[in-house]
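One-letter residues, chain by chain:
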Amino acid sequence: MAAQEPPRPPPGSAEPLEPEPGGRYEAVVPHWFYCKVTDTRERWVPFSAQDSERLEAAHGAGKEQAGVVVPTSGGRYDVHLRERRRVAVYWEEEAAEVRRCTWFYKGDKDNKFIPYSEAFSEELEEAYMIAVTLGEWKKKLESPNREVIILHNPKLMVHYHPVASSDDWVSTPTEQGRPRTVKRGVENIAVEIPSGEPLQIDHLVFVVHGIGPACDIRFRSIVQCVNDFRNVSLSMLQSHFRKAQEQQQVGRVEFLPVNWHSSLHSTGVDVDLERITLPSINRLRHFINDTILDVFFYNSSTYCQTIVDTVASEMNRLHRLFLQRNPRFKGGVSIAGHSLGSLILFDLLTNQKADPEEKERCVQGSRTASSMGGIEEVKEILKKLELSEYCDVFEKEKMDRQALLLCTENNLKEMGIPLGPRMKILHYISSETGMKGRSSEPGSPSQLGDSSEDGRSCQYRDVGLGQVSANYPQLNYKPSIFFAFGSPIGMFLTVRGVKRIDPNYSLPTCKGFFNIFHPFDPVAYRIEPMIVPEMEFEPMLLPHHKGRKRMHLELKEGLTRMSVDLKNNLLGSLRVAWQSFTRSPVLALEAGSSEAEAEAEAGTEKQPDTKAEEPPAAVKEESPPINVGRLNGGNRIDYVLQEKPIESFNEYLFALQGHLCYWESEDTVLLVLKEIYQTQGITLDQPLPGSQ
């Protein structure tokens, strides 16, 4: 009987030369992985280099006794070393399996490498060590699944996956079937290993989601979307705060998700809805019950209380837990809300109670601001009445708007105002006092933050806001900044009957407020026109994170500017030609002088004509500073993102994407980081054009 030939390597692969006996063996460097399950699909994800080293150090120190926990992923996950489990710290998530990985084989479906079990990896490593040391290759091993692994040489190791056979009597493993590549060590497989997150945390941000359990167009949860937001922030810190990082002034910002949807829908309301839901178009009705109805739930006093209690208690719980795990944390806390989540946070913030000392400071500041702003307001009124020359008289008398409305004809006479201007001012006063009398009738909508004559505009006034009757809980901290993404706050305030926000109003415990939106977002509304309704102005254009406007926007503005210039030149030329055509004939002797006069006349007439046609606000490079009140400390509130070139082709097609784009928007993240670090006196490496 002929001797059995050793198994051959798969066809098409050239067999490298075998090493000489007695080769040098080097131990494999392990790396730690965890198993991420998505829609029943398993994917092995490497820990960062930093976390893997920490896990290996704990493993090498023999700390595998029960109870040993190693924090990973910036402290958001704990690894229970002995049980080999990765557990979420701040939110509920199914525990993931953890492995110390040294040997890998290529999977069937997506060609990703899968780690062998730790026990079998040790067997493979031992066989490899013997083969290298003694030079004895063609080693055949059997896996726990009765599959064959053959070590041909250090560069060629194969895993044979058995072919399904109809012969049930075959019980011995075979190398028949499609071979799969086997690799030793993580450095030999195509996998990206992150370096890890900075240990220093400078600021904490809580992020509240909007309607429904899914937060983006891929139907991902708030946890996954906030993970993306955090990853983008780490990238932006490296690219835009490099100097501060090198000087160790900057660590990172931690973003933690706040989930209220699951608590609301665990109250039993879904069962009640199911009983009354029609059986037709089942998927659409289920989607509406799970998402759109959250808006109606928030406008119900019963479920509004559940929502605000959940959001406030969850943020307080996360804050306490974060401080327990990070006792050296000295940074501030901010909050961010997307869609309906921003409205929930706004209502919570408007119902917070300020400290008595801060309230008094706020009163004093309000009085000062109202007196200074009052004089400016009177100047605006006089300018509107074409009486700007009397501004100095009113400023000398320290006349604000309230004092102006109390003026009589005798007061104006004593100030030396002539009869004509006096009549204009008295007519304005009578019309304004008449409007004020009508607006104070019962049932008329009030102003948000409107205050009595003593200037107490810092105190929150609940009258006229139209909020659902609920007991709004207090937060354990004072947020530094409130960021609203794709927010319907302006629309809800208007529907509640709020015509105008008092310019002197500010949130009791939060001094910063930014309303960030995509231009095609169908849910987003502006805030600034409610503070200064008499002015028309554009929102602040958010600078591109690479430091310039997108190319299509620059092209659009350039074409607009060019068309305005062409129109002005054409109109001016036609006007001059018509005037010269209709001018009466003159003597030939006066021709020389009349030509010069005509040119001068044409020049003087052409000047105001060209000025009459001004470019629209969108193409003006610089605009004067606009006072939008104290809601954001005197700074601008509304910020609009630049749409992408493909989005500009059809704004309706990208409307939904516009509402869900904030999680991966570098421009949004960069504004958040810029404003947070500005409170600590840290600025960007290069100031972005157009930013405040």
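Residues numbered from 1 in each chain as written. Predicted model: local features only at pLDDT ≥ 70, side-chain atom pairs only at ≥ 80, totals over all residues. Heavy atoms only, no water.

## Quick word on unusual backbone geometry
One non-glycine residue, Phe-219, adopts positive backbone phi at about 60 degrees. Here Phe-219 is to be found in the loop between β13 (201-208) and α3 (222-240). Backbone geometry at Ile-281 places phi at a positive 35 degrees, although glycine is not the residue there. Examined against the element boundaries, Ile-281 turns out to sit in the loop between α6 (269-276) and α7 (282-290). (Helix = DSSP H or I, 4+ residues; strand = E, 2+ residues; numbered from the N terminus.)

## Observations concerning the environment of Arg-325
Note that Arg-325 resides in helix α9 (residues 301-325). The spacing of Arg-325 and Val-89 is 236 residues in sequence and 9.9 Å in space, taken between C-alpha atoms. Those residues in contact with Arg-325 that lie beyond four places of it in its chain are Pro-71, Gly-75, Asp-78, Val-89 and Tyr-90. (Contact = heavy atoms within 4.5 Å.)

## Focus on the sheet that holds strand β15 (residues 332-338)
As summarised here, the arrangement of the 7 strands in space is β14-β13-β15-β16-β17-β19-β18, forming an open sheet in which the pairing is parallel. For this open sheet the edge positions go to β14 (252-258) and β18 (540-541), each flanked by a neighbour on one side alone. Where strand β16 (residues 481-485) meets strand β17 (residues 512-517), 5 bridges bridge the pair, whose relative direction is parallel. Bridging across to β17, Ile-481 finds its partner in Gly-512. Where α3 meets the sheet, its contacts fall on β13, β14 and β16, and the angle it forms with β14 comes to roughly 170 degrees. (Pairing = 2+ DSSP bridges. Axes fitted to C-alpha atoms, helices over the stretch in contact; angles between N-to-C directions.)

## Things to note about the pairing of strand β11 (residues 156-160)
Along any regular strand the residues' side chains alternate between the sheet's two faces. Taking burial as the measure, the 5 residues of β11 include 5 buried ones, the bulk of the element. Residues Leu-156, Val-158 and Tyr-160 of β11 are buried on one face, and the alternating residues Met-157 and His-159, pointing to the opposite face, are buried as well. Here 5 bridges tie strand β10 (residues 148-153) to β11, and the two strands are oriented antiparallel to one another. Within the sheet, the bridge partner assigned to Ile-149 lies in β11 and is His-159. (Buried < 20%, exposed > 50% of the residue type's maximum accessible area, 1.4 Å probe, protein only.)

## As for the pattern of salt bridges
Per the stated rule, a full pass over the model turns up 26 salt bridges. Put simply, Arg-252 and Glu-254 hold a salt bridge, and the shortest N to O gap is 3.2 Å. Its relative accessible area of 1% is what places Arg-252 among the buried residues. Residues participating in the shared-partner salt-bridge network are Arg-76, Glu-197, Arg-230, Arg-252 and Glu-254. (Salt bridge = Lys/Arg side-chain N within 4 Å of Asp/Glu carboxyl O.)

## Looking at the sheet that holds β11
Across the sheet, which stays open at both edges, the 6 strands sit in the order β8-β7-β12-β11-β10-β9 with antiparallel pairing between neighbours. The sheet terminates laterally at β8 (113-115) and β9 (139-142), the two strands that pair on one side only. Going from strand to strand, the sheet's axes swing by 30 degrees on average, the running direction of each strand aside. As judged from the 4 bridges shared by β9 and β10, these two strands associate in the antiparallel manner. Each bridged residue has a counterpart across the sheet, and for Leu-141 the counterpart in β10 is Ile-149. Helix α2 (residues 118-134) contacts β7 (103-106), β9, β10, β11 and β12 (179-184) of the sheet and is inclined by roughly 170 degrees relative to β9.

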